[in-house]
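# Summary of the model geometry
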Amino acid sequence: MAALEDEFTLSAVPLGAGPDGLLGVEHSDKTDQFLVTDSGRTVILYKVSDQKPLGSWSVKQGQIITSPAVCNFQTGEYIVVHDNKVLRLWNNENVNLDKVFKATLSAEVYRIHSIQGTEPLVLFKEGAVRGLEALLAEPQQKIETVISDEEVIKWTKFFMVFRHPVLIFITEKHGNYFAYVQMFHSHTLSKYTLLLGQEEKSVIQSFTASVNRRFISLMSLSSDGCIYETLIPIHPSDPEKNQKVVRSLVLKTVVSGNARNGVALTILDQDHIAVLGPPLQSSKECLSIWNTKFQTLQISKELPQGTSGQLWCYGENLFMLHGKFLTVIPYKCEVSSLAGALGKLKHSQDPGTHSVSYFVNWEISRGHGLGSPNSEPSKRILRRRKSEASVQPEVPASEQLLSTIKKDSEKHIEVELRKFLAIKQTPDFHTVIGDIVIGLLGRCKTEPSFYPRNSLMQLIQTHMLSYSLCPGLMEVALEKTDVQMLQLCLQQFPDIPEAVTCACLKTFLSTGDDILLKADVNMESVSGYSEAVQDEHMEEQTEILQNGFNPEEDNCDEELNEKHQDIINTTLCPVIPKKAALLNAILRSAYSETFLLPHLKDIPAQHITLFLEYLYFLYLKCSENATMTLPGIHPPTLNQVMDWICLLLDANFTVVVMIPEAKRLLLSLYKFVKSQISICSELNKIEVSFRELQKLNQEKNNRELYSIEVLELF
C-alpha cells in the first residue's frame, strides 16, 4: 500500500508564481535543501526540515529568469539563466545577483541540468548540448541547430547510466512528438518518433521517466486522461536512423480530460506513480498514487485551493504549489503485492452456514468452465483423490534450504543458496534471509570446523540484513578475524552497537600487515591514493633504518633530524593501504559518543597512537585540495576525521600524554590548533576593518558628496 502524510508549507509568504506556475524545484548540494525558482525574478533556497527559507536572490527589475536555478554539485555554486542568454553563477555568500559572475551566451538556453557525479549540462532551445566548463571557457562559441524548424522542446530529463550521463528531451511539431537521447560517453544522439496509435488526436500534457540498464521508460499523461508507457532503448541498433517507438496503455482514465490548470505525473518507484489533477467526473484537484503493477488507486488527497499542475519528487517528498504556497507532502510506498493493492478479504460466518470458497480451483475448472459448484461431482472427487495420492504438499524453497544447511557440505550449501537467491523475491524476503543466516551461524557454533564464508558473504551482499536481524554474524567474523566480512558489515549495517564497532577497530589495528596483504579488502575508499600510500610506506621503512641504525638515536644533529622527521610525518601514511581501507570503514560507521567513549579506553596505547597518526595523515590529505575532501569512492569526510581525533583524545588523553612515541604527534596537533586560532584571530581583525569601511561608506552616501579618501589599514 501507499500513504500520503500530512502536508506542510515551506513559507508563509506566497511565491511569485505566474500563470504557468514555478519554473522549477531543484536539489541543492546539502541534504534537505532545495532551490525554488519562481516565474519572475527570484530564486529561494529552502530547508525542508526547518520549513523556512535560508536565502533569496533576485535579478534586477526588467530582467526575468528563464531557466530554473540548479546547483553545481562539483563546486557547490548555484547557476541560473535570465533573459534566455545570460548565465549567472553565485554561492551562499553572495547577496546581489547583479554583482556575481556573468556570461552572455550566443544562443538561447532551454534548461540547465545538474546531478551528482558529473558536471552541469546546458541544453539550448535548438537542441544542442554543452558542458558548463566548456561553455564558460568560450561563452560566445557557435551553437549548432539539432532540431528542425518549428520543432519545440516540451520536456527534458537527465540520468546517470553506468556512471555515464544520459540526456533525453521530447520535442513537438504539428502534433507529432519526437524523443532525442544524447549519450555523452559515446557522443551519440539518437532520434525516435513517438507513435501515438489510436490516440492520435490526444495531446500529451505531462511526461516523466525512469531508467534501467537497457531502456528508458517514458511515461506520458494525455488529454484523454490515460497514462501510456514508451520503452526507448539506451543503446540503439542504428543511432543515425530515425527510429519509431510505440506507446502502450498503462492506466486508463486516471484524471479528467478537461483539467483547468493542467495535470502532472511523476514516477515514485518501479510500481507506483503520483498523478496530480482532477479525477474523472470531478472538478476538485487531487493528488493520487496509483499502483501500475496491479492498476489500482492506492490513495488520493484533495487539494481544495487548487494547484499549478506541476509536481516534483525528491526522496520521499512531493513538492507542488497548493494555492500560492509551496507545499510538501511526504509519502510512503510499500513493496507491491496483490494483497496490498486490493486489500485482504474479511468475511464473517454465521453459525450453521457453509463456508464459500472465494478462490477458483483452475485444475478442476479447466475444460469445464466456471459452472455450478455441484456439476460433475464424481469427476472432481476422483481427480482430488488422485492428486492427494500422488502429490505431496510442496515444501517452500526457504525450508528446503534450511534443511540443507543442517546436514550438507559448505560447497553444496553455497550452490543451493545461489539458486535460492535467483528466485523472485517475496515481501518477507528480508526475514527469510535472516533465518538463513541464523541457521548457518547455529551450525557454526555446534561445528567449529564449519564456516560457510562464501555463503555468508552472498547473504550480506543482498543488502537485506542488519545487525539486529543477525547479531551473531559479526561475532563469528571477529572470532575468525575475517576482516573482509567485518568491512562489508560496517559498510551496510546501520545499527551496529558501539561495543562491536570498537571490537572491529581493535581487530583491524592488531592484525598484522602480512595477514592483511593476503585478505580481499574493498579498496574503493583509498583508490585515489592507495598506490601513493604503499610507495610512501615502503619509503618510510627504508628512511627510518639507514645502514642498520636509527637516526633518532644520533643526538649530534637533533634539530636537523626533527625537521626531517616532520617532513616524513606530513607526507607518509603510517599504515598499508588495506589497513587504511578497513579504518575508513570504521570512520564512516554510525555511533553515539556517549556509548563509544567507554570502549575506546580499552584499546592498547600503541594502537591509539597508530590510529591518531593515520587520522592526522588523512587531515593533511584533506588539506591538499581546496574542497577539503579525500580522493576515492565514499572516503571519510573531514568532519568524521576530526570527530574521531577528538574522541580518541578525550578517551585516552592521560595515556597518550605519557607515551613518548605520541609526543611528536601531539605537538603537531597542538601547532595545528594554534594556527587555526591565529587564523580566526586575523579574520576577526579584518572583519573589524571592513565594518569601519562600511560605516565610512554609509557616511559618505548620507552626505551625498563625492570624495576620495585614502585609508591605511596596516
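The structure under discussion appears in the preceding block.
We now turn to the structure provided with this report. (Residues numbered from 1 in each chain as written. Predicted model: local features only at pLDDT ≥ 70, side-chain atom pairs only at ≥ 80, totals over all residues. Heavy atoms only, no water.)

Below, the discussion takes up the packing of helix H11 (residues 498–510) against helix H17 (residues 605–622). Their axes nearest at 10 Å, the elements H11 and H17 cross at an angle of 85 degrees. For the element pair H11 / H17, the angle class is roughly perpendicular. Touching Leu505, Leu509 and Ser510 of H11 are His607, Leu610 and Phe611, all from H17. Tallied by class, residues from the contact of H11 with H17 come to 4 nonpolar, 2 polar and no charged. (Axes fitted to C-alpha atoms, helices over the stretch in contact; angles between N-to-C directions. Helix = DSSP H or I, 4+ residues; strand = E, 2+ residues; numbered from the N terminus. Parallel < 35°, antiparallel > 145°, perpendicular 65-115°, else oblique. Contact = heavy atoms within 4.5 Å. Nonpolar A, V, L, I, M, F, W, Y, C, P; charged D, E, K, R; others polar.)

Let us now look at empty space enclosed by the protein. A full pass over the atoms with the stated rule returns 1 cavity of 30 Å³ or more. In this structure, the largest cavity occupies an estimated 40 Å³ of space. What lines the largest cavity is Leu490, Phe493, Pro494, Asp495, Ile496, Thr501, Ser589 and Ala590. A per-class count over the lining of the largest cavity returns 5 nonpolar, 2 polar and 1 charged. (1 Å grid on protein atoms, 1.4 Å probe; cavity = no way out; pocket = protein on both sides within 12 Å on 5 of 7 lines; lining within 4 Å. Points joined across faces, edges and corners; volume = space filled by probe spheres on them.)

In spatial order, the strands read E14-E15-E16-E17-E21; together these 5 strands make up an open sheet with mixed pairing. The outermost strands of the open sheet, each flanked by one partner alone, are strand E14 (152–161) and strand E21 (243–246). For this sheet, the mean angle separating the axes of adjacent strands, direction not counted, is 25 degrees. With 7 bridges connecting them, strand E16 (residues 176–183) and strand E17 (residues 188–195) associate as antiparallel partners. When the bridges of E17 are listed, alanine 179 appears paired with tyrosine 192. (Pairing = 2+ DSSP bridges.)

Relative to the helices and strands, glutamine 492 resides in helix H10 (residues 483–492). Distance from glutamine 492 to tyrosine 467, taken between C-alpha atoms, is 9.4 Å for residues 25 residues apart in sequence. Apart from the residues within four sequence positions on either side, glutamine 492 is in contact with Ile460, Gln461 and His463. Among the polar contacts made by the side chain of glutamine 492, one reaches the side chain of histidine 463 at a distance of 3.5 Å. (Polar contact = N/O pair within 3.5 Å; in protein donor to acceptor, adjacent residues only side chain to side chain.)

Further remarks concern the pairing of strand E6 (residues 52–58). Looking at chain direction, strand E5 (residues 42–47) and E6 are connected through 6 bridges and run antiparallel. Looking across to E6, one finds that lysine 47 is bridged to lysine 52.

Across all of its chains, the model carries 15 salt bridges by this definition. Among the ionic pairs, arginine 111 bridges to glutamate 26, the shortest N-O distance being 2.2 Å. You can see arginine 111 sitting in strand E11 (residues 109–113) and its partner glutamate 26 sitting in strand E3 (residues 24–27), a full 85 residues away along the chain. For the pair shown, arginine 111 and glutamate 26 are each scored as buried. (Salt bridge = Lys/Arg side-chain N within 4 Å of Asp/Glu carboxyl O. Buried < 20%, exposed > 50% of the residue type's maximum accessible area, 1.4 Å probe, protein only.)

As a further point, take unusual backbone geometry. In this structure, aspartate 32 takes a positive phi of about 75 degrees despite not being glycine. With respect to the helices and strands, aspartate 32 occurs in the loop between E3 and strand E4 (33–37). Although it is not a glycine, histidine 634 sits at a positive phi angle of roughly 55 degrees. Positionally, histidine 634 belongs in the loop between H17 and helix H18 (638–657).

Moving on, we come to the environment of isoleucine 153. In this structure, isoleucine 153 sits in strand E14. Given the relative accessible area of 6%, isoleucine 153 is considered buried. The sequence separation of isoleucine 153 and tyrosine 110 amounts to 43 residues, and the corresponding C-alpha distance is 8.0 Å. Among all residues touching isoleucine 153, those that are not within four sequence positions of it are Tyr110, Leu123, Phe124, Lys125, Gly127, Ile147, Phe169, Ile170 and Thr171.

A word on the sheet that holds strand E9 (residues 86–90). Taken in spatial order, the 4 strands make up an open sheet running E7-E8-E9-E10, and their pairing is antiparallel. With one partner strand each, in any of the chains shown, strand E7 (65–71) and strand E10 (101–104) form the two edges of the open sheet. Averaged over all neighbouring strand pairs, the angle between strand axes comes to 15 degrees, with direction disregarded. As paired elements, E7 and strand E8 (residues 78–82) share 4 bridges and run antiparallel to each other. Counted as the bridge partner of isoleucine 65 is histidine 82 from E8.

Moving on: the packing of aromatic side chains. Applying the stated rule across the entire model yields 14 aromatic pairs. Ring geometry for tyrosine 314 versus phenylalanine 319: centroids 6.0 Å apart, planes at 75 degrees, classification edge-to-face. Ring geometry for tyrosine 591 against tryptophan 644: centres 5.5 Å apart, planes inclined by 65 degrees, an arrangement best described as edge-to-face. Note that tyrosine 591 is positioned in the loop between helix H15 (577–588) and helix H16 (593–600) and tryptophan 644 in helix H18, a separation of 53 residues in sequence. Its relative accessible area of 1% is what places tryptophan 644 among the buried residues. Counting every residue linked through ring pairs, the aromatic cluster contains Phe34, Tyr314 and Phe319. The ring of phenylalanine 178 has lysine 191 lying over it, and the distance from NZ or CZ to the ring centre is 4.7 Å. One Lys or Arg, lysine 480, reaches over the ring of tyrosine 451 and ends 5.3 Å from the middle of that ring. (Phe/Tyr/Trp six-rings, centres within 6.5 Å; stacked < 30°, edge-to-face > 60°. Lys NZ or Arg CZ within 6 Å of the ring centre and 35° of its normal.)

Mapped onto the secondary structure, aspartate 482 falls in the loop between helix H9 (472–479) and H10. Polar side-chain contacts of aspartate 482 include one of 2.7 Å to the side chain of tyrosine 451. Excluding residues within four positions of it along the chain, aspartate 482 makes contact with Tyr451, Arg453 and Ala477.

What follows concerns the side chain of glutamine 298. Tracing the chain through its elements places glutamine 298 in strand E26 (residues 296–302). You can call glutamine 298 buried: its relative accessible area is 9%. A polar contact is formed between the side chain of glutamine 298 and the side chain of threonine 296, at a distance of 3.2 Å.

Attention shifts here to the nonpolar core. Buried together is how nonpolar side chains tend to be arranged in soluble globular proteins. In terms of nonpolar packing, the biggest core is built from 84 residues, with Met474, Leu600, Phe611 and Trp644 touching the most fellow members. When residues of this core are assigned to their parent elements, the largest contribution, 12 residues, is made by H17. In this structure leucine 600 touches Cys502, Leu505, Ile608, Trp644, Leu647, Leu648, Ala651 and Asn652, once residues within four positions along its chain are discounted. Core analysis: the next-biggest nonpolar cluster, separate from the first, contains 21 residues, Ile168, Ala179, Tyr192 and Ile216 among them. (Core = buried A, V, L, I, M, F, W, Y, C linked by side-chain atoms within 4.5 Å.)

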